[in-house]
Amino acid sequence: MGTGSDERPIGLFDSGVGGLTVLSEVRRRLPAEATVYLGDGARTPYGPRPADDVRRFTLECADWLLAQDVKLLILACNTATSQALPQVRDRSPVPVLGVVRPGAVSAAASTRAGHVGVIATAGTVASGAYPAAIGEADARLIVTQQACPELVPLVEAGEMSGPRAEGLLHGYLGELLAADPDIDTLLLGCTHYPLLRPLIEAEVGPGVAVVDSAFTAALAAEDLLEALRARSSSGSSRHRVATTGPVEAFSAVAGRVFGAELPAVERAAVEGV
Ligand code: DGL
């Protein structure tokens, strides 16, 4: 590093298709950069798994991405970030960014009332990572969390609209807003949830701002590469997307959301899967 440019790709990881919402923002913000994305489709969802399993799976997937010679690793998964970020950083020779701090910053910047709601997987909620990170951003904020265990499997199945999705969101968000009716900012603390954004916004109404970590994570990546003088200068960006699970299932869901932006999906042979 220090030569002024670095043509190696940025690596992004998620348990499944959710991190593509972060990839999309990274590509928009950093169009000259090459990327390689890995979804652990064979083992999704991570949310209900014990923290030890999430840590092991995340490290195995990080090793695969590091073997692709990435210059920066983004854990585009809140569950992995909240349970494995320090361990991945210990292991990685390149910088590692998570999505929890970017999400917390988005929420803290958005709220006027000082009441933030967070929806996330059971694992992320249990880790306490969001209340801690939002508290670090502004200790006066009141944070209420709601675990939404059914949403990731729903998105992975490609069910991003319809009565089942609406019914589940009605239940989860109703419970959250009953716990704190003064919430004016809802943080999507799982990278799958932006794929349900229209339904979520309809459910909470115009009085609640819905924010996520994609924009702030892409901004953090840009700042970091800039500071390291490690941005790409060739502009010949190349994009790879891989999954540990069935390629067809992953492509079907991801392709519906990302269309022509999505390259042909590869099957990744990750150690341990
Ligand atoms: N996109 C992941 C997250 O942000 C979902 C984790 C899961 O597989 O449950 O937490």
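Residues numbered from 1 in each chain as written. Predicted model: local features only at pLDDT ≥ 70, side-chain atom pairs only at ≥ 80, totals over all residues. Heavy atoms only, no water.

**Regarding the environment of V100**
The condition that has to hold: Strands here mean DSSP runs of E at least two residues long; helices mean DSSP runs of H or I at least four residues long; both are numbered from the N terminus. Remark: exposure states derive from per-residue accessible area (1.4 Å probe, protein chains only) relative to the maximum for the residue type, with buried under 20%, exposed over 50%, and partly exposed in between. Any two residues whose heavy atoms approach within 4.5 Å at even a single point are treated as in contact.
When you line up the elements, V100 lands in helix α4 (residues 100-110). On the accessibility criterion, V100 (7% relative accessible area) is buried. Considered as a pair, V100 and E271 are 171 residues apart in the sequence and their alpha carbons are 26 Å apart. Every residue in contact with V100, bar those within four places of it in the chain, is listed here: N78, T81, S82, A129, Y130 and A133.

**Quick notes on the site of the ligand**
To be explicit about the condition: Whether a residue is near a molecule or strand depends on its heavy atoms: it is near if one of them lies within 4 Å of it. Any N or O atom pair separated by 3.5 Å or less is treated as a polar contact, with the protein-specific requirement of one donor-capable and one acceptor-capable atom, and with residues adjacent in sequence counted only for side-chain atom pairs. Only Asp, Glu, Lys and Arg are considered charged in this grouping, and only Ala, Val, Leu, Ile, Met, Phe, Trp, Tyr, Cys and Pro are considered nonpolar; every other residue, Gly among them, is considered polar.
Around the ligand there are 14 residues in total, and S15, Y46, G47, T79 and H192 lie nearest to it. Take S15: an N or O atom from its side chain is 2.6 Å from an oxygen atom of the ligand. Between the ligand and the protein, one listed contact pairs an oxygen atom with a side-chain N or O atom of T79 at 2.6 Å. Looking at side-chain class alone, the shell around the ligand contains 5 nonpolar, 8 polar and 1 charged residues.

**Examining the packing of helix α1 (residues 20-29) against helix α11 (residues 247-258)**
What counts is decided by this rule: Axes here refer to lines fitted to C-alpha atoms; in helices the fit is confined to the stretch in contact. Angles between the N-to-C directions go from 0 to 180 degrees. Under this scheme an angle from 65 to 115 degrees is roughly perpendicular, one under 35 degrees roughly parallel, and one over 145 degrees roughly antiparallel; angles in between are oblique. Crossing handedness: left-handed means the near helix sits turned counterclockwise from the far one by under a right angle, and right-handed means the same turn made clockwise.
One can describe the packing of α1 onto α11 by two numbers: an axis separation of 11 Å at closest approach and a directional angle of 45 degrees. Classed by the angle they form, the pair α1 and α11 counts as oblique. The way α1 lies across α11 gives a crossing that is right-handed. Residue-level contacts link L20, T21 and S24 of α1 to F250, A254 and F258 of α11.

**Some thoughts on the pattern of salt bridges**
Side-chain pairing between opposite charges can occur once the charged atoms of the two side chains come close. Definition in use: Salt bridge, as used here: a side-chain nitrogen of Lys or Arg that lies within 4 Å of a carboxyl oxygen of Asp or Glu.
All told, the structure shown has 19 salt bridges when counted by the stated rule. Salt-bridge contacts for R164 lead to E150; the nearest nitrogen and oxygen are separated by 3.7 Å. Here R164, found in helix α8 (residues 163-179), pairs with E150, found in the loop between β6 (142-147) and α7 (151-156); they are 14 residues apart in sequence, far enough to count as distant. Taking relative accessible area as the criterion, R164 reaches 44% and is therefore assigned partly exposed. E150 sits in the partly exposed class, given a relative accessible area of 38%. A salt bridge links R197 to D212, with the nearest nitrogen and oxygen atoms 2.4 Å apart. In this pair, R197 is assigned in helix α9 (residues 197-204) and D212 in the loop between β8 (209-211) and α10 (214-227), connecting sequence segments 15 residues apart.

**Some remarks on the pairing of strand β7 (residues 185-188)**
How we decide: At least two bridges found by DSSP between two strands is the condition for calling them paired. Note on handedness: a clockwise path from strand one over the helix to strand two, with the strands aimed away from the viewer, defines a right-handed crossover.
Burial along β7 is two-sided: the face carrying T185 and L187 and the face carrying L186 and L188 are both buried. Two elements, strand β5 (residues 115-120) and β7, share 4 bridges in a ladder whose sense is parallel. Residue V118 lies in a different strand from β7, and its bridge partner there is L187. Sheet analysis places β7 next to β8, joined by 3 bridges and oriented parallel. From the neighbouring strand, L187 faces β8, where its bridge partner is V211. In terms of handedness, the path from β7 via α9 over to β8 forms a crossover that is right-handed.

**Observations concerning the sheet that holds strand β4 (residues 96-97)**
Taking strand neighbours across the sheet as the criterion, the 6 strands line up as β4-β3-β1-β2-β9-β10 in an open arrangement whose pairing is parallel. What marks the edges here is a single partner per strand, and that holds for β4 and β10 (265-267). With 5 bridges joining them, strand β2 (residues 35-39) and strand β9 (residues 239-243) adopt parallel strand pairing. Residue pairing across strands places G39 opposite T243, the latter belonging to β9.

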